[in-house]
Structures are given as C-alpha cells and as structure tokens.
Amino acid sequence: MNKKNINQFGEIFESLKDDGLREKKFGQSLIIVENAIFSGEPFKGVIWSNIIFKNCDFFGMYEIAPKNSINVKYEDCRFSGILSFGVTKSVRFIRCSWSGASVMFAERGSTDTVFEACRFVGPSPDKNQQGTIGSEGEIKYLRCYAKWFKWAGDAKLDIEDCECENVSIHTDSEANSGVNFLNAQISVKNSILRGSFQIRSANLQSLSISDTNINNFDLSGSSIKGDVYLERVQGGYVNASAKSLGKLAMSQCQIFGRRRKFSFELGLAAADEVLIDQCNFGSDLNLSVGLGAGGPLENDEWQNIAKNRSTVIRNSTFPILDASWLESRHLRIENNTIESLDISNSRIGKLEVVDNRISLEVNLKNTQVEKSRIQPLAKGQAKLDGANIRLE
C-alpha cells in the first residue's frame with residue numbers, strides 16, 4: 001500500500017503541528033490519519049487528542065514529541081528511532097511493531113496506556129544494543145510478544161497474556177529522577193517468559209507473578225518496599241534474592257530449573273516475612289533450594305534483631321532445603337517432603353521442625369536458638385555438633 005509523508009496531508013498535517021489550529025478547524029471531533037509516514041517533520045510541544053493513526057510509520061530521532069496524547073489510538077503502525085508521546089491518557093497501541101534499538105517513552109504522569117497485541121523485536125541479545133519501550137508513569141502490555149527488548153514502567157507496569165524472550169524490566173531510580181523517584185508496582189499474569197526475565201537491581205513498590213511459565217527469573221539486588229507474590233509459577237530457575245522486601249508469599253509453584261546447584265534462591269535475611277506453601281521443587285539431589293546467607297555471618301549480626309520476623313515453609317517438596325547461615329526470629333518447617341535439610345550455622349529465635357518426611361540428614365551444626373521444637377528423627381539423622389539444640 002502506498003504511503004505518503006505526513007506533510008502531504010494538508011489540514012490534518014497542519015492540525016497535528018498546531019493544536020490551536022486543530023481546535024479551530026476540527027474542534028474535538030475524531031481525526032483519522034491513515035497510511036502516513038512520520039519522518040523528517042518535527043511534532044513538539046503540541047497536544048494530540050481524539051486521533052486514530054492507522055497503518056502509519058513513525059521513524060525519527062527526537063522529532064516526535066507531543067506535550068500530551070489524550071484519547072489516541074495507533075492501529076497497525078510501525079515505530080523505529082527515539083520518540084516521545086508526552087503525557088499519555090487513554091492511549092492504545094494495537095497490533096503495532098517496534099524494531100531495532102528503538103527508544104520510546106510516555107512521560108511521568110501517564111495513565112491508562114495499553115500496548116495490545118504488539119510486537120517488539122530488538123537487534124541483539126546484547127543488552128547494550130536493545131531498545132526500551134514504555135512509560136515513566138503507568139503502562140500495560142496485553143497479548144504482546146517481545147524479544148531482546150526492555151519494557152519500562154516507572155509507576156505501574158502490568159504484563160498479561162504476553163510471550164517474552166530475553167526481556168528485562170526497566171524502572172525508575174534515584175539516579176534517574178532524584179530522591180522523589182517512583183517505585184513501580186509490577187504485575188505479570190498468564191504469560192510465558194522464555195530465556196531470561198530480569199528485574200535486577202530495580203526499585204519496586206510491589207511485585208506479583210501468577211499463572212506464568214518462567215525459564216530464568218532474576219530479582220537479585222532489587223529493593224522492594226512492599227510484598228512479592230509468586231502464585232502458580234512453573235518452570236525454571238528463580239532468584240528472588242532482593243536486597244530488601246516486605247513479605248514473600250509463594251504458593252502452588254513448580255520450580256525445576258538450574259543455575260549452578262540451585263533451582264531457587266532467596267536470602268531470607270532481607271525479607272520481613274516469608275511463606276512458601278504447596279510448592280514443588282522436585283527430587284533431584286543435585287539441586288538445592290537456598291534460603292540462607294550462603295556464607296559466614298558477621299560476628300555482630302546476631303547482636304541485632306533479625307529483619308526476618310517469620311518464615312513458614314509448609315506442604316512442599318524439596319530435594320535439598322538449604323537454610324544454612326540463616327538469621328530469623330521464627331522459622332517453622334512443617335509437613336514437607338524433604339530429602340536433605342540443612343539449618344547449620346544459623347541464629348534463630350524460635351525454630352520449629354514438625355511433621356515433615358525427611359529421608360536423609362538434618363544438619364543443625366553450630367546453630368544457636370532461643371527456643372526449639374524438633375520432630376522425632378531417626379538415630380544418627382541429626383547432626384548437632386556445636387548446636388545448643390536438644391532433641392526430645
């Protein structure tokens with residue numbers, strides 16, 4: 001289909017360049033722009049409202065930058081370059097596509113902006129060569145496909161029914177916006193996340209992932225003010241070792257992947273509360289679920305009150321549950337199937353290990369507790385050297 005440069009569209013072109021002129025000629029009636037090429041013409045500081053762009057191409061470097069976009073729809077459009085759409089409200093991108101190392105942002109304060117059935121394909125798996133698409137406000141990706149791309153959402157980012165391959169999430173930070181930077185709320189539902197899906201070293205308000213298949217999920221180094229929920233997540237390796245978070249609640253998940261010797265990693269000391277319930281981590285004795293610090297505690301750590309107030313692990317299946325070098329005020333391990341349990345070198349206020357089916361050893365060496373309740377164990381099953389725990 002033949003397309004013309006937008007500068008050949010007469011009154012429509014003039015109205016897109018000047019919102020005052022648009023008001024005079026069209027009022028607020030709907031404008032339809034079809035089969036146009038946006039390239040070589042600047043659109044800066046204007047208000048785009050009540051417009052439908054159909055089968056248009058937007059190519060350029062900093063040329064497209066309206067002040068506001070209100071009730072605007074893009075259908076079957078293509079984008080490439082460095083673009084801005086201002087503060088967006090009620091904006092839809094439907095069956096649109098982005099290619100190359102494109103960068104496109106809606107600005108801070110944007111709401112009700114949705115990418116639906118869109119396609120994002122970057123040029124390379126090298127993260128330094130990938131594009132970034134999203135919003136400095138709120139954004140939603142619905143039934144989209146992305147490969148080698150970064151998706152951005154500084155205030156709120158929803159991903160639903162999407163398929164991603166080697167995608168990372170970009171959020172706001174103090175380095176970007178100063179001390180008043182935004183903490184994103186992120187939600188992922190009913191999606192397939194192939195390759196690596198990263199939210200590393202991000203600043204978040206909260207994170208929820210449900211009914212989603214994941215190959216490799218990495219949250220390490222992130223700071224989360226509120227809670228993290230993982231529900232009915234299936235697939236591979238998960239690293240939930242944030243620098244800090246509120247509550248981690250993980251339920252009905254099946255995690256069977258591998259990175260080094262781990263299928264799942266979480267530093268419990270960084271979380272206020274942890275609940276792992278009805279999860280299955282398989283039976284491969286070469287894989288561990290790592291919950292502790294992974295190395296020696298500092299001499300003065302136990303002198304302070306542990307950040308982790310409570311951790312409850314119940315109704316789940318583990319090959320090796322490694323909670324060594326752990327600090328917690330209360331750790332309860334209840335009604336699980338565990339091949340091998342390691343709670344060595346830990347400092348725990350109240351330790352409860354009850355009603356579990358444990359096949360191999362229970363390592364409690366050098367662990368110090370204030371109170372404990374340990375289920376009956378087979379002779380020689382418990383390793384207690386250096387611990388202050390007494391078995392019933």
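Cut-offs applied
Residues numbered from 1 in each chain as written. Predicted model: local features only at pLDDT ≥ 70, side-chain atom pairs only at ≥ 80, totals over all residues. Heavy atoms only, no water. Helix = DSSP H or I, 4+ residues; strand = E, 2+ residues; numbered from the N terminus. Buried < 20%, exposed > 50% of the residue type's maximum accessible area, 1.4 Å probe, protein only. Contact = heavy atoms within 4.5 Å. Areas by Shrake-Rupley, 256 points an atom, 1.4 Å probe, with all protein chains shown as cover. Lys, Arg positive; Asp, Glu negative; His and termini not counted. Charge placed at Lys NZ, Arg CZ, Asp CG, Glu CD. 1 Å grid on protein atoms, 1.4 Å probe; cavity = no way out; pocket = protein on both sides within 12 Å on 5 of 7 lines; lining within 4 Å. Points joined across faces, edges and corners; volume = space filled by probe spheres on them. Nonpolar A, V, L, I, M, F, W, Y, C, P; charged D, E, K, R; others polar. Salt bridge = Lys/Arg side-chain N within 4 Å of Asp/Glu carboxyl O. Polar contact = N/O pair within 3.5 Å; in protein donor to acceptor, adjacent residues only side chain to side chain. Axes fitted to C-alpha atoms, helices over the stretch in contact; angles between N-to-C directions. Parallel < 35°, antiparallel > 145°, perpendicular 65-115°, else oblique. Core = buried A, V, L, I, M, F, W, Y, C linked by side-chain atoms within 4.5 Å. Arc of directions from axis to C-beta.

Please explain the overall build of the protein chain as it appears in this structure.
Looking only at helices and strands, one finds 3 helices and 38 strands in the protein chain. For the protein chain, the spread of C-alpha atoms along the three principal axes comes to 90 × 40 × 30 Å. Burial analysis of the protein chain (392 residues in total) assigns 53% to the buried set. The long-range share in the protein chain, meaning contacts at least 24 apart out of those at least 6 apart in sequence, stands at 35%. When the accessible surface of the protein chain is split by element, carbon and sulfur atoms take 44% of a total near 16900 Å². When the 47 positive and 48 negative side-chain charges of the protein chain are each reduced to one mean point, those points stand 1 Å apart.

Got a minute to help me understand the layout of surface pockets in this structure?
Over the atoms rolls a probe the size of a water molecule, and its path tells where empty space is left. Considering only enclosed or pocket space, the largest pocket measures out at about 230 Å³ in volume. In terms of lining, the largest pocket is formed by 15 residues, of which the most central are Lys150, Ser168, Ile169, His170 and Arg200. Looking at the lining of the largest pocket, the element that brings in the most residues is strand β19 (residues 163–170), giving 3 residues. Split by residue class, the lining of the largest pocket holds 3 nonpolar, 8 polar and 4 charged.

I keep staring at the pattern of salt bridges and nothing clicks. Help me out?
Once their charged atoms are close, side chains differing in charge can pair, the charge on each being opposite to the other. This structure, assessed with the given rule, holds 19 salt bridges. Here Arg258 makes a salt bridge to Asp284, at a shortest N to O gap of 3.8 Å. Of this pair, Arg258 sits in the loop between β26 (254–255) and β27 (262–265) while Asp284 sits in the loop between β28 (271–277) and β29 (288–290), and the two are 26 residues apart along the sequence. Using a relative accessible area of 46% as the deciding quantity, one classes Arg258 as partly exposed. Of the charged contacts in the structure, one is a salt bridge between Glu334 and Arg332, with a shortest N-O distance of 2.8 Å. One continuous salt-bridge network, built from bridges that share partners, spans Lys3, Asp57 and Arg78.

I keep staring at helix α2 (residues 19–26) and nothing clicks. Help me out?
One side-chain oxygen at the N-terminal end of α2 lies 2.9 Å from the backbone nitrogen of Gly20; it belongs to Asp18. Where α2 ends, the next residue or the one after it, Gly27, has phi of about 60 degrees, a positive value.

Is there a simple way to think about empty space enclosed by the protein in this case?
On inspection of all chains with the given rule, the structure shows 1 cavity of 30 Å³ or more. Taken as a whole, the largest cavity holds about 30 Å³ of empty space. Lining of the largest cavity is provided by Phe85, Thr88, Val91, Phe93, Met104, Ala106, Thr113, Phe115, Gly134 and Ile139. Counting only elements with at least two residues in the lining of the largest cavity, the list comes to β10 (87–94), β12 (103–106) and β13 (111–116). No other element matches the 3 residues that β10 contributes to the lining of the largest cavity.

Can you help me understand the packing of helix α1 (residues 10–17) against α2 in this one?
To describe two helices that pack against each other, one gives the angle between their axes and the distance between the axes. α2 packs onto α1 with a crossing angle of 135 degrees between their chain directions and a minimal axis gap of 5 Å. Between α1 and α2, the interaxial angle falls into the category oblique. Counted together, Glu11, Ile12, Glu14, Ser15 and Lys17 of α1 and Asp19, Leu21, Arg22, Lys25 and Phe26 of α2 form the full contact between these two elements. Grouping the amino acids of the contact of α1 with α2 by side-chain chemistry returns 3 nonpolar, 1 polar and 6 charged.

Is there a simple way to think about the nonpolar core in this case?
A general tendency of soluble globular proteins is for nonpolar side chains to be buried together. Membership of the largest hydrophobic core comes to 98 residues, with the highest contact counts inside it found for Val33, Phe38, Trp48, Phe53 and Tyr74. If we skip the residues at most four places from it in the chain, Tyr74 touches Trp48, Phe53, Phe58, Phe79, Phe85, Val91, Arg92, Phe93, Ile94 and Cys96.

Please clarify how the side chain of Ser220 should be interpreted in this entry.
Mapped onto the elements, Ser220 comes out in the loop between β22 (203–218) and β23 (223–224). Relative accessible area serves as the criterion here: at 16%, Ser220 is assigned to the buried category. In this structure the side chain of Ser220 is engaged in a polar contact, spanning 2.7 Å, whose partner is the side chain of Asp218. Residues within four places of Ser220 in sequence aside, it is in contact with Arg200, Ser201, Asn239 and Ser241.

How should I be thinking about α1 in this particular structure?
At 3.6 residues per turn, the α-helix brings residues three or four places apart onto the same side. Within α1, the full set of buried residues consists of Ile12, Phe13, Ser15 and Leu16. Projected down its long axis, α1 shows its buried positions confined to an angular sector of 165 degrees, all on one face. Contact partners of the buried residues in α1: α2, β2 (31–34), β3 (36–38), β4 (43–44) and β5 (47–54).

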